[in-house]
Every structure is written in structure tokens, then in C-alpha cells.
Amino acid sequence: MSGCTPKSGPVMAPADLSAIHPDAEGSMRLIEGVMYRNYAPKDGTDPDRITFIQVDADKCQACGACEEVCATGAIQSINSDGIHQVVDPAACMNCGQCLTNCPYGAIYEGVSFVDELFEKLKDPDTIVVSMPAPSVRYGLGECFGAATGTYVGGKMHAALRKLGFNYIWDTEFAADVTIMEEGTELIQRVKEQGQTNARPLPQFTSCCPGWIKFAETFYPDLMPNLSSCKSPIGMLGPLAKTYGAKETGTNPKKIYTVSIMPCIAKKYEGIRPELNDSGFSDIDATINTRELAYMIKAAGIDFNNLPDQEPDPVLGESTGAATIFGNSGGVMEAALRLAYEVLSGEKLNDPNIKVVRTHEGIKTADINVPNFGVVKVAIASGLKNAAKICDEVRAGKSPYHFIEIMTCPGGCVNGGGQPLDPEIQASLFRSTVAQINRRFRARKIKA
């Protein structure tokens, strides 16, 4: 099968997973410095009733760091001692920034598919498909001693093969699809202004699950402004079980799709009941970067000495435009490249639209498009900044055509499922200094 043959590197025998056995459901496990509850929600479970992130009251030191970074007030002090808790999972956007900023390791994840995934990898009758996000390959290496932000994509793909994944596909493929879909939608919206039933401007991006839940919860009146496109993983799941299954001659009923993300909120997205366009559950399991590192280590794989390999070709090839999705401003930049060329009819001499790249706060720009005019854009990093822009749109005062929202500072590359910053996991004083300096150590994607 063409979709199963590595494009480069030697064929490797899978690791022996026979000694790895599942723990009891509900038990806790330490993974890369974070406690995880062994709980894999079944099909039909309401994601709004699941606590994906929670505070361990016995470890909480009442420092308030979690509450400071929470944009919705989901984490609050619950008693006179200042102990914090996520008071209502419906108010939590599942971004995990509280977890990555807690200096005491007091916050844990409430969902983990690791044990279920190991069992699927050992089952010869299950076809297990990997679908890693762009940012994972910029964080995974840190769990194996690499410097912050080191690119380890080739070793990541090799490790997935070694773990026994049958198809090594890549969410970057679907990120390119997203660019074409979202960019085309923007062009259509701009052109149809003034017509009856024209869709409203500005158009918001729709890739970030924390942002989507935030909009649904606090700004439901702005839902018509959101792009109709699914996120890249929301596209790749059904593609794997339809186009991918057809191209590889695989029974889609046997395919088990694994979303590998830098994000905790993607676990919420993965079990949303709307994601069933393939006729099945589009995404069967979601793990994050920390969990992938744990699985590689548990399988005894020597990650640093793996040969670099590429993903399989059917749903694995992509462009640099897909790679920059992990940075704040990356979705905007990639979509603008398409919109510029279609609206102007001219080729971009330089594809780098650096003016939209940002790490924190709100950034705005006017993009001059020949034969069309000015396209006004805005990029917001963090939900507190998103609220400012949404309030402006709600009030009818927004001058923008296109707005990108990312929940995590600097984008997915600094998501809540990425390796922890060791400087923050120290004393409160050191963590305070570390949080001030963190912007200078933030991961950045280059493409």
C-alpha cells in the first residue's frame, strides 16, 4: 500500500509493547511532570460535562497564578484558605495555560487516552493512524533533552512508526486544505458584500478549539462571523476514514484515528458529537505532546538516535504554509497568501507577510492588494485580547475583514499540552521571574 511505505529512511521493526499493560480507569499517572487521570471518554459523552483540567486541592498553595492567566474566571478561590478549583467545566476553555503556569504542579489533566491507544497499537485487527499537529514537532524534542523549540519532525515520524502506527499521516496536510478553504471563504465574503444574504465581515478564523468554545459561550451572536471551516484535525479525521481508507484499501471500520496535539482543548474538540462526517467518529483519540513523549519512553525507543523519516504520502505531504499554523499570525499569513494572489491576479514575490506575525497582544495591519484595495486584518493572542476585539465587532465598530484568534500566547506552539517550562516549576519567586522572561523563551516556528 502506497500510504504505508516510508518515503525515506530504513524500515524499522515496531517496538515490543507486550510488557505495557493498562492501569485501572480513573487512576492517576505522572507524565512529563503532569498528573493525568486515566479516563478515555466513550462515544456520546457530553464534552461540556467533562473536567479536562482540575486543581489538586492538596497541592494548591493558594498563589493565584492560575486565576491570573484564566480569561474566563473558570478557576476561582473556593475557601478562606485561597485553595483554587475549576468551579464549572462549562466555563473552562480547556486551554491549560493555568497548568503550564502553576509553579507547584498542582493542576492535572482529567482525560488521557494513553492506555487505550497502547491497546489499539497491540491489536493486529486495528489500523492505527497518527495525525500530529505542526507544533508537536517543535516541542517533543524538549522531553528528550533538546533545546526549547528544536524541530524534530523527522524523528517524530520515525518514533510513530516504531510505536506501531500503521499509517503516518500528518495534520499539516489538512492545514493546507484549511488554507484553501478559509482563504476562499474570505474572498467570497469580501466579494458578496452589498448583496442580499451576504455573509458578515469580519471573518474570524476557526482553527483553535479554545477560541471556538469561548465564542460559543460568550459571543454566540458572532457565530455567523466565524469561518465555516473545521480545524485542520477536524478535516483530517474524516479524510482518513474516507479518502485515506479508499486510497489504501482499508476498511474504515477498522481505522482508529489519533490526534496528536500541543493542546488540551483538542481533547474537547475530538469528542464533539458534530465530528462524525465520515459516518464514524472522525477522531477516536487525542493525546498531547507530553503523552506522546511518555509513550515513546514507555516503549523503550531511543528517540535521539532514530533516523529522520517523512510521513506517508497519501495524507502526509504539506507546504511551509501549513507549518506556520502553529504560530500566532500563521493562519492569517497563510490565508492571506492565497487571498492576495486570487484577488490581485498576481504572484507574491515574497510569501513572507511578516507584518501579521505576533506573539502577544493585538496586532493590526493593512494589506495592500493590487487590483483590489486594502484588506484590513487583526490578530489576537489570548482570550482576554479576543474579548476586546469581539466587543468591537459586536458594537459594529470593527474595520477589519479578517481576524485570527489564538487562545495560547504566541499560538499553538506554546499550548497547554506542550512540555512544561522547568523554570516555572520551581519556587514562587523564581516562577514569577520565569513568567516575566517567558516571552523571550517562547517557541517559534520557522518555515
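Every chain's residues receive numbers from 1 upward, in the order its sequence appears when written. Side-chain atom pairs in this predicted model are given and counted only at pLDDT of 80 or more, local residue features only at pLDDT of at least 70, and totals for whole chains, interfaces and linings cover all residues. Values shown for side chains rest on all heavy atoms present in the structure; no hydrogens or waters enter the calculation.

As annotated in an unreviewed UniProt entry, the protein chain carries the name Ferredoxin hydrogenase large subunit and is attributed to Desulfovibrio gilichinskyi.

S.K.: Quick question: what am I supposed to make of the environment of Ala147 here?
M.R.: Secondary structure elements follow DSSP: runs of H or I no shorter than four residues count as helices, runs of E no shorter than two count as strands, and numbering proceeds from the N terminus. Tracing the backbone through its elements, the reader meets Ala147 in the loop between strand S7 (127–132) and helix H4 (153–163). Remark: the alpha-carbon pair of Ala147 and Tyr108, spanning 39 residues in sequence, is separated by 25 Å.

S.K.: I'm lost on the packing of helix H5 (residues 171–191) against helix H7 (residues 232–248) in this one. Help?
M.R.: Describing two packed helices takes the angle between their axes plus the distance from one axis to the other. Note on definitions: angles span 0 to 180 degrees between N-to-C directions of axes, and those axes are lines fitted to C-alpha atoms, for helices only across the stretch in contact. Contact geometry of H5 with H7 gives a least axis separation of 8 Å together with a crossing angle of 115°. Viewed along their axes, H5 and H7 adopt a mutual orientation that is roughly perpendicular. Crossing geometry of H5 relative to H7 is assigned as right-handed. Note on element contacts: H7 touches H5 through Pro232, Ile233, Met235, Leu236 and Leu239, opposite Thr171, Phe173, Ala174, Ala175, Val177, Thr178 and Glu181. The scheme is simple: roughly parallel for angles under 35 degrees, roughly antiparallel for over 145, roughly perpendicular for 65 to 115, oblique for anything else. It is the rotation of the near helix from the far one that decides the hand of a crossing: anticlockwise by less than a right angle makes it left-handed, clockwise makes it right-handed. Pairs of residues are marked as contacts when any of their non-hydrogen atoms sit within 4.5 Å.

S.K.: Even after reading the chapter, I still don't get helix H11 (residues 330–344), so can you show me in this structure?
M.R.: One turn of the α-helix equals 3.6 residues, which is why residues spaced by three or four share an orientation. Between the first and last C-alpha of H11 there are 21 Å, a value that for 15 residues agrees with the 21 Å anticipated at 1.5 Å per step. Taking burial as the measure, the 15 residues of H11 include 12 buried ones, the bulk of the element. Of the residues making up H11, those classed as buried are Gly330, Val331, Met332, Glu333, Ala334, Ala335, Leu336, Arg337, Ala339, Tyr340, Leu343 and Ser344. The span expected for a helix works out to 1.5 Å for each residue beyond the first. Each residue gets one of three labels from its accessible area relative to the maximum for its type: buried under 20%, exposed over 50%, partly exposed in between, using a 1.4 Å probe on protein chains only.

S.K.: Honestly, the pattern of salt bridges in this entry has me stumped. Any pointers?
M.R.: We count a salt bridge whenever a side-chain nitrogen from Lys or Arg sits within 4 Å of a carboxyl oxygen from Asp or Glu. Counted according to the given criterion, the structure contains 26 salt bridges. Across the pair Asp48 and Lys213 runs a salt bridge whose closest N-O atoms are separated by 3.9 Å. Highlighted residues: Asp48 in the loop between strand S2 (34–37) and strand S3 (53–55) and Lys213 in helix H6 (residues 209–218), separated in sequence by 165 residues. In this structure Asp48 comes out as partly exposed when scored by relative accessible area, which is 32%. The buried category is assigned to Lys213, whose relative accessible area is 3%. Overlapping salt bridges, with partners in common, bring together Glu109, Lys267, Arg290 and Glu291 in one network.

S.K.: Sorry if this is basic, but what is going on with the pairing of S7 here?
M.R.: Every other side chain in a regular strand lies on the same face of the sheet, so the side chains alternate between the two faces. Along S7, six of the six residues are buried, which leaves the element largely enclosed by surrounding structure. Alternating positions in S7 separate into two faces, Ile127, Val129 and Met131 on one and Val128, Ser130 and Pro132 on the other, with burial throughout. Here S7 runs beside strand S10 (residues 255–261); their pairing, made up of six bridges, is parallel. Directly across from Val128, in S10, lies its bridge partner Tyr256. Paired strands, as defined in this entry, are two strands with at least two bridges between them according to DSSP.

S.K.: Explain the sheet that holds S7 to me, please; I cannot follow it from the model alone.
M.R.: Sheet strands associate in pairs through backbone hydrogen bonding, adopting either a parallel or an antiparallel arrangement. Across the sheet, four strands lie side by side as S8-S7-S10-S11; this open sheet has parallel pairing. Lying at the two open borders of the sheet, with one neighbouring strand each, are strand S8 (167–168) and strand S11 (285–288).

S.K.: Would you mind showing me how to read empty space enclosed by the protein here?
M.R.: Empty space left among the atoms is revealed by rolling a probe the size of a water molecule over them. Think of a 1 Å grid over the protein atoms and nothing else: a 1.4 Å probe that fits but is trapped marks a cavity, an open set flanked by protein within 12 Å on at least five of seven lines marks a pocket, and residues with an atom within 4 Å of a point count as lining. Grid points are joined across faces, edges and corners, and a volume is the space filled by probe spheres set on the points. For the coordinates displayed, the defined rule picks out two cavities of 30 Å³ or more. The calculated volume of the largest cavity comes to roughly 280 Å³. The wall of the largest cavity is formed by 25 residues, among which Cys207, Met261, Pro262, Lys266 and Cys412 lie closest to the centre. Those elements that place two or more of their residues in the lining of the largest cavity are H5, H6, H7 and helix H8 (265–270). Residue composition of the lining of the largest cavity, grouped by class: 17 nonpolar, seven polar and one charged. As a working rule, the residues Ala, Val, Leu, Ile, Met, Phe, Trp, Tyr, Cys and Pro are called nonpolar, Asp, Glu, Lys and Arg charged, and the rest polar, with Gly in that last group.

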